[in-house]
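Coordinate inspection notes
Here's the letter readout for the chains.
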Amino acid sequence: MSTALITLLSSDTSTTTSAYGWSSIIWMVVILVAFYFILIRPQRKKDKQDAEMRKNLQLGDEVVTAGGIVGIICKIEEETVVIETGGDRSRLRVRRWAISQNLDAEKEAAAQKNAKSAPAKDKKKDKKSDKQDDSKSESTSSESETKK
């Protein structure tokens, strides 16, 4: 009888060990998926946006380099960009990857965002003024009825 009990206990522990192994693997997969959506995916998206910004550089754009130098693009080559900076119009040749911001493009994007949100705000103001006009007309009509 003791061998049967030992056999029963040993088979029970193997199933719990197996279940524990699967649950740890599932948790590892969940953690990897979370890291992908929290860290990796947003970084790839930002890298694509930066590459697109560098590809769309134009003459006359005001840019900021990775070192913090602000200048205006005066010549674009395949791998390098020449920018003018300072009052004495010094020219610097920098690599495309060193451009970290296009200030003109950011200003245009902000202006477009404001232009989109401005009509929505105006509509809200118009609705509020219509409601106020309606309430004023109702109060004047009720006053004229009481005078009659």
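Rules behind the numbers
Residues numbered from 1 in each chain as written. Predicted model: local features only at pLDDT ≥ 70, side-chain atom pairs only at ≥ 80, totals over all residues. Heavy atoms only, no water. Helix = DSSP H or I, 4+ residues; strand = E, 2+ residues; numbered from the N terminus. Contact = heavy atoms within 4.5 Å. Areas by Shrake-Rupley, 256 points an atom, 1.4 Å probe, with all protein chains shown as cover. Pairing = 2+ DSSP bridges. Axes fitted to C-alpha atoms, helices over the stretch in contact; angles between N-to-C directions. Salt bridge = Lys/Arg side-chain N within 4 Å of Asp/Glu carboxyl O. Buried < 20%, exposed > 50% of the residue type's maximum accessible area, 1.4 Å probe, protein only. pLDDT = per-residue confidence, 0-100. Patch = residues over 30% accessible without salt bridge, like charges linked within 9 Å, V, L, I, M, F, W, Y side chains within 5 Å. Lys, Arg positive; Asp, Glu negative; His and termini not counted. Polar contact = N/O pair within 3.5 Å; in protein donor to acceptor, adjacent residues only side chain to side chain.

Turning our eyes to something else, we now look at the overall build of the chain. For the chain, the count of helices and strands is two helices and five strands. Starting at the N terminus and ending at the C terminus, the chain contains elements arranged as α-β-β-β-β-β-α. Restricting the contact set of the chain to residue pairs at least 6 apart, pairs at least 24 apart contribute 35%. For the chain, the computed accessible surface area is about 12300 Å², with 59% contributed by carbon and sulfur atoms.

So, on to the environment of V81. Looking at the element boundaries, V81 is found in strand β3 (residues 80-85). Dropping the residues within four chain positions of it, V81 is found in contact with L57, I73, K75, L92, R93, V94 and R96.

Here the focus is the sheet that holds β3. Spatially, the five strands line up as an open sheet ordered β4-β3-β2-β1-β5, and their pairing is antiparallel. Looking at strand neighbours, the two that pair on one side only are β4 (90-95) and β5 (99-102), the edges of this open sheet. Each neighbouring strand pair of the sheet contributes to a mean axis angle of 45°, computed without reference to strand direction. Relative to strand β2 (residues 70-76), strand β1 (residues 62-65) runs antiparallel, the two sharing three bridges. What sits directly across from V64, in β2, is V70.

Moving on, we get to the pattern of salt bridges. Scanning the model with the defined rule gives six salt bridges in all. The residue E62 makes a salt bridge to K107 at a minimum N-O spacing of 3.9 Å. Linking E62 in strand β1 with K107 in helix α2 (residues 103-147), this pair joins segments that are 45 residues apart in sequence. Through salt bridges with shared partners, a single ionic network connects E84, R89 and R91.

In this structure, R89 takes a positive phi of about 60° despite not being glycine. Here R89 shows up in the loop between β3 and β4. Overall, the relative accessible area of 57% leaves R89 in the exposed class.

So, about the confidence of the model for the chain. Looking at the chain, the pLDDT average stands at 80 and 69% of residues meet or exceed 70. Highest mean pLDDT in the chain belongs to β1 (96); lowest belongs to α2 (67).

Take the side chain of T65 next. Within the secondary structure, T65 is located in strand β1. Residue T65 is classed as buried on the basis of its relative accessible area, which comes to 6%. Not counting the four nearest positions on each side in its chain, T65 is found in contact with I83, V94, A98, I99 and S100.

Bringing a nonpolar patch on the surface into the picture now. Together, W22, I25, V29, I31, V33, F35, Y36, F37, I38, L39 and I40 make up a nonpolar patch on the protein surface, roughly 1100 Å² of accessible area in all. Positionally, F35 belongs in helix α1 (residues 2-55). By relative accessible area, F35 is classed as partly exposed at 44%.

The next subject is the environment of I73. Its location among the elements puts I73 in strand β2. In this structure, the C-alpha to C-alpha distance between I73 and T85, residues 12 residues apart in sequence, is 9.1 Å.

We now examine the side chain of D61. Mapped onto the elements of the fold, D61 is located in the loop between α1 and β1. At 9.1 Å, R96 is the nearest oppositely charged side chain to D61, a buried residue that forms no salt bridge. Reaching out from D61, the side chain makes a polar contact with the backbone nitrogen of Q58 at a distance of 3.1 Å. In contact with D61, other than residues within four places in its own chain, are N56, G71, I72, I73, N102 and D104.

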